Amino acid sequence: MLPSLSASDANKGPHLTGCRSSEQVTFRCWWSSGTFQNLSEPGALRIFYQTKALSSDWYECPDYTQTVKNECYFNKTFTRIWTSYCIQLRSVPQNTTYDEACFTVENIVYPDPPVGLNWTLLNVSRSGLHFDVLVRWTPPPSADVKTGWMSLVYQLQYRVKNNTYWEMQELESGTQQSIYGLHTDKEYEVRVRCKMSAFNNFGEFSDSVFLQVAQIPSKESTFPMALVLSFILIGVVILLIFIVISQQQRLMVIFLPPIPAPKIKGIDPELLKNGKLDQLDSLLSSHDMYKPDFYHEDPWVEFIQLDIDDPADKKNSDTQHLLGLSHSGSSHNLNLKNDDDSGRASCYDPEIPDPEDLASLLPNHSEQGEHQHSLVSRSSSANPDFQQESEVVETPIQTQPSWVNMDFYAQVSDFTPAGEVMLSPGQLNTSPEKKKKEEENEKKIQFQLVCDGAYTSETTARQFSADVPSSPGPEQEYQAFPTQGVEGNLWNGDYLVSVNDSQTPYLLLEPPPAPVLPPISDYTVAEPPSKSSFLAAYGLSAQPR
Amino acid sequence: MNTVKVLQVCVCVLILGQFLVSGAVPLDCKDDAGSRCASISQEKLLDRVIQHAELIYRVSEECCTLFEDMFVPYPLHVLINQAGNTCHSKHIPIPTSKSEIQQISDSWLLHSVLFLVQSWMEPLLYLQTTLDRYDDAPNALLSKTKWVSDKLLSLEQGVVVLIRKMLDEGIMASSTIFDHTQSPYDGQFPEVLESVIRDYHLLTCFKKDTHKMETFLKLLKCRQSNKLSCLPQ
């Protein structure tokens, strides 16, 4: 067998076309005369070889094959394994060497193809579409595998008949291999080749063997299967429908839970619409939200004192403070927080101001109207009137040390000259311990109220300013808060009933007679107070005028 | 628990008894210290030795290919084929044709293998150091060389045991008995090209010799297992 000739051979001169051994015992070499036609007769070109291991002489080819043209055959006596040979192609008459090649015999071993290829069916798949086969072969007879002289590995290839692409299997050292997953009703072609293990020279392919398995029509086996499956499916669907229908209500709750309406825990929205004030008081005061702890923790509240020693100042400053008539210009804000917003954030987290600073802001310390102290910082861009007035509104509420006694709802009954608001108690029906809790709640809600009032009392402020010019005197300048406005502004929620409905309980006109400040609730309703009652409520002596 | 242990012992005895019944001859395993070790049949030992030799041959072929791809330009391949006769193992008189090999005795086969193994111990060490010197030697090449060097030691031990048992000869399992004067590997640092050629030459020779070892051992196995069919034809 000739090795494959390359295309360039035709243009070359005489050259060796290859040397091969099939069993590692003998080997052959071939040559071609190429373009030199005059050398194509037999005997013109000769092969010489040299085995340096034995001697450095060149010997001529021991046997030129008679039957094959241009072949030199080295039989087993001339073949030495693990020995390198050098072959030369010479033209003796001209004494020229046209080609030379060196090799060791084990490196030119190309085993013969395996023989005896046959196949057996292993199994057919359930569906009848696929099958597995086991392919067997025997090693080439020329290769001495039995004695271990050569160890061969085999490679199996298969393809669908007339396909161009061959599927390759892994190298196999045994003499059989299985092929899995072949399609029935297709004809396959299988072939095997081998090589020496750990060498790279594959021999020729064996003769192909064809295999085919007819497809067994097994439709009837699939039919009941499909029927059974469909029955099961229908059963499952019916079961699901039954479950859904029977548990409809529960499923509705699980899958479509009701959206909760906004409400406060423990408070019935109906109550807020139609309930009594005291009920509402008790409910809201007991609510966790309104814990006026803040008020308890403010020591500076106690430090604020009303000083009425300076009557002149008092006369002017109080009214001014209250009404903001003196546009002193410097609204002395106690800025606890220096942020520029309208004080919303700072409402809920105020810092404890320096008592001295606060004390210095008291009316007796200030000659001008620089008493505006509030817990909430204000942006200076706000309307100064509005600021001052709202501050005034808030200040007295905050500086009142005895808020401890406050009920949830309260109403403003009078104003002190210092600008504080005197509140009349709501309807009290609470126990002492509950009072304490209520006080705490009140403080918190007061503060919130204040804050809300900080920026919601614009209407209030307007009303203030509207009412101010019409006031006859300072004493009478303590205006009543218009109930509608206050309520609407101080508590923006919808929980408060419309003013008209509950106006009656808020309008308590009698002033608090006792010097101890009665409990005042967070919701304040202003009333036109009388001066004397105002002062009396706070235990202040009347100003000498 | 006791019954479980008894059962385990019984199972072990049964399994070991099967080995005895099959007629395998366990090798007596006694170290110099006299401690017993696990015994293995001669047949199994030979199988293992052959496996070792096969592996070593395959790895040596891989080393050769790696080196060739990395360092040896194609024209030099021819050069190496020419130099195939100058391997250092040519000094060992080993038959090189099948007919000759089939005629030599088992003893001669084993001794040839042992000589080959021992002759390659030092060159492999040299090869490891020289391969380290290349800047871009692939790690696979270095690790394979090291691996082969280790495996060769165990192969030597196996062959020594086989010789002792099959041939009843006492032999020293030391490579120091080998004559190192022929070794050209002194501490010189050759130039790069010269070094490449030398190393490639070494690798090809090693590949050839490991193939020899494998073939000899397989022939030996055939003779051991089935005397009749392995006779020279």
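Remember, predicted model here, so these are calculated numbers, not experimental data.

Criteria and cut-off values
Residues numbered from 1 in each chain as written. Chains lettered and ligands numbered in written order. Predicted model: local features only at pLDDT ≥ 70, side-chain atom pairs only at ≥ 80, totals over all residues. Heavy atoms only, no water. Helix = DSSP H or I, 4+ residues; strand = E, 2+ residues; numbered from the N terminus. Contact = heavy atoms within 4.5 Å. Areas by Shrake-Rupley, 256 points an atom, 1.4 Å probe, with all protein chains shown as cover. Disulfide = S-S within 2.5 Å. Pairing = 2+ DSSP bridges. Polar contact = N/O pair within 3.5 Å; in protein donor to acceptor, adjacent residues only side chain to side chain. Buried area = accessible area lost by both parts, 1.4 Å probe. Salt bridge = Lys/Arg side-chain N within 4 Å of Asp/Glu carboxyl O. Nonpolar A, V, L, I, M, F, W, Y, C, P; charged D, E, K, R; others polar. Phe/Tyr/Trp six-rings, centres within 6.5 Å; stacked < 30°, edge-to-face > 60°. Buried < 20%, exposed > 50% of the residue type's maximum accessible area, 1.4 Å probe, protein only. Lys NZ or Arg CZ within 6 Å of the ring centre and 35° of its normal. pLDDT = per-residue confidence, 0-100. Axes fitted to C-alpha atoms, helices over the stretch in contact; angles between N-to-C directions. Parallel < 35°, antiparallel > 145°, perpendicular 65-115°, else oblique. Left-handed = near helix turned anticlockwise from the far one by under 90°.

Kindly report on the overall build of chain A, identifying the contributing residues and their values.
A tally of regular secondary structure across chain A gives 15 helices and 16 strands. Restricting to contacts in chain A with at least 6 residues of sequence separation, those with at least 24 account for 67%. By element, 55% of the accessible surface of chain A is carried by carbon and sulfur atoms, the whole surface being about 27600 Å².

Explain the state of the cysteines residue by residue, including any values.
All names here are of chain A. For the structure shown, the criterion picks out three disulfides over all chains. One disulfide bridge connects cysteine 61 with cysteine 72, the sulfur atoms lying 1.7 Å from each other. Here the disulfide of cysteine 61 and cysteine 72 is right-handed, its torsion about the S-S bond being about 115 degrees. Placement of the pair is cysteine 61 in the loop between β4 (59-60) and β5 (71-74) and cysteine 72 in strand β5, with a sequence separation of eleven residues.

Talk me through the pairing of strand β2 (residues 27-32) of chain A; I want residue IDs and the actual numbers.
Along any regular strand, the residues point their side chains to alternate faces of the sheet. Residue and element names in this part refer to chain A. In terms of strand pairing, strand β1 (residues 15-20) meets β2 through five bridges, oriented antiparallel. Each bridged residue has a counterpart across the sheet, and for arginine 20 the counterpart in β2 is arginine 28. A loop of six residues connects β1 with β2, the two strands running antiparallel in sequence, and glutamine 24 in this loop sits at a positive phi of about 65 degrees. Both β2 and β5 contribute to a ladder of four bridges, which runs antiparallel. Counted as the bridge partner of phenylalanine 27 is phenylalanine 74 from β5.

With reference to specific residues and values, describe the pairing of strand β8 (residues 115-124) of chain A.
All names here are of chain A. Bridge count for β8 against strand β9 (residues 130-138) is seven bridges, and the pairing is antiparallel. Along β9, the bridge assignment pairs asparagine 123 with aspartate 132. With antiparallel pairing between neighbouring strands as the criterion, β8 and β9 make up a hairpin whose turn holds five residues, including glycine 128 at a positive phi of roughly 80 degrees.

Before we move on, could you go through the side chain of A:Gln177 and cite the residues and values that matter?
Residues and elements named next belong to chain A. Its place among the elements puts glutamine 177 in strand β12 (residues 176-183). At 3.3 Å, the side chain of glutamine 177 forms a polar contact with the backbone oxygen of glutamate 170. Leave out the neighbours within four places in its chain, and glutamine 177 touches Val133, Leu134, Val135, Trp137, Leu156, Gln169, Glu170 and Glu172.

Account for the interface of chain B and chain A, with residues named and values stated.
On the chain A side, the residues contacting the 26 residues of chain B number 29 residues. Together chain B and chain A conceal approximately 2400 Å² of surface at their shared face, both sides included; 53% is due to carbon and sulfur atoms. Scanning the region where chain B abuts chain A turns up two salt bridges. Between B:Glu100 and A:Arg80 there is a salt bridge, with the nearest N and O atoms lying 3.0 Å from each other. Joining chain B to chain A, the criterion identifies seven residue pairs in polar contact (both at pLDDT 80 or more). Elements with a minimum of two residues in the side of chain B that touches chain A: α2 (42-71), α3 (75-82), α4 (98-103) and α8 (192-225) of chain B. With ten residues, α8(B) is the single largest residue contributor to the side of chain B that touches chain A. Partitioning the side of chain B that touches chain A into residue classes produces seven nonpolar, ten polar and nine charged.

Account for the packing of aromatic side chains, with residues named and values stated.
Scanning the model with the defined rule gives 21 aromatic pairs over all chains in all. An angle of 40 degrees between the planes, with centres 5.7 Å apart, marks the rings of A:Phe199 and B:Tyr57 as tilted. On the criterion of chain membership, the pair formed by A:Phe199 in the loop between β13 (188-196) and β14 (209-211) and B:Tyr57 in helix α2 is interchain, its members lying in two chains. With respect to burial, A:Phe199 and B:Tyr57 carry one shared label: buried. Members of the aromatic cluster, connected to one another through ring pairs, are A:Phe27, A:Tyr49, A:Tyr59, A:Phe74, A:Tyr85 and A:Phe103. Between the NZ or CZ atom of A:Arg20 and the centre of the ring of A:Tyr110, over which it lies, the distance is 3.8 Å.

Go over the confidence of the model for chain A, please, and point to the residues and values.
Residues and elements named next belong to chain A. Put simply, chain A has an average pLDDT of 68, and 49% of its residues get 70 or more. For residues 362-401, every residue scores under 50 in pLDDT, and the model assigns this stretch 115 contacts once sequence neighbours within four places are set aside. Note that residues 541-545 has pLDDT below 50 and, in this model, ten contacts with residues that lie over four places away or in other chains.

Residue-level account of the environment of A:Ser84, with values.
Among the secondary structure elements, A:Ser84 is positioned in strand β6 (residues 84-91). By relative accessible area, which is 2% here, A:Ser84 ends up buried.

Report on the side chain of A:Ser33, specifying residues and quantitative values.
Note on placement: A:Ser33 falls in the loop between β2 and β3 (45-51). Discounting chain neighbours no more than four positions away, the residues touching A:Ser33 are A:Gly13, A:Pro14, A:Leu39, A:Ser40 and A:Leu45.

Run through the packing of helix α6 (residues 121-133) of chain B against α8(B), naming residues and quoting values.
Residue and element names in this part refer to chain B. Look at α6 against α8: their axes get within 11 Å of each other, and the N-to-C directions meet at 140 degrees. If you check the angle between α6 and α8, you find them oblique. Regarding α6 and α8, the two cross each other, and that crossing is left-handed. Contact residues: α6 offers Pro123, Leu124, Tyr126, Leu127 and Thr130, while α8 offers Ser195, Arg198, Asp199, Leu202, Leu203 and Phe206. Residue classes in the contact of α6 with α8 are distributed as seven nonpolar, two polar and two charged.

Outline unusual backbone geometry, listing residues and values.
Even without a glycine there, the phi angle at A:Trp82 is positive, about 55 degrees. Relative to the helices and strands, A:Trp82 is located in the loop between β5 and β6.

Tell me what's going on with the environment of A:Cys72, and back it up with residues and numbers.
Under the relative-accessibility criterion, A:Cys72 is labelled buried at 0%. Ignoring sequence-local partners within four residues, the contact set of A:Cys72 consists of A:Phe27, A:Arg28, A:Cys29, A:Trp31, A:Ile47, A:Cys61, A:Pro62 and A:Asp63.

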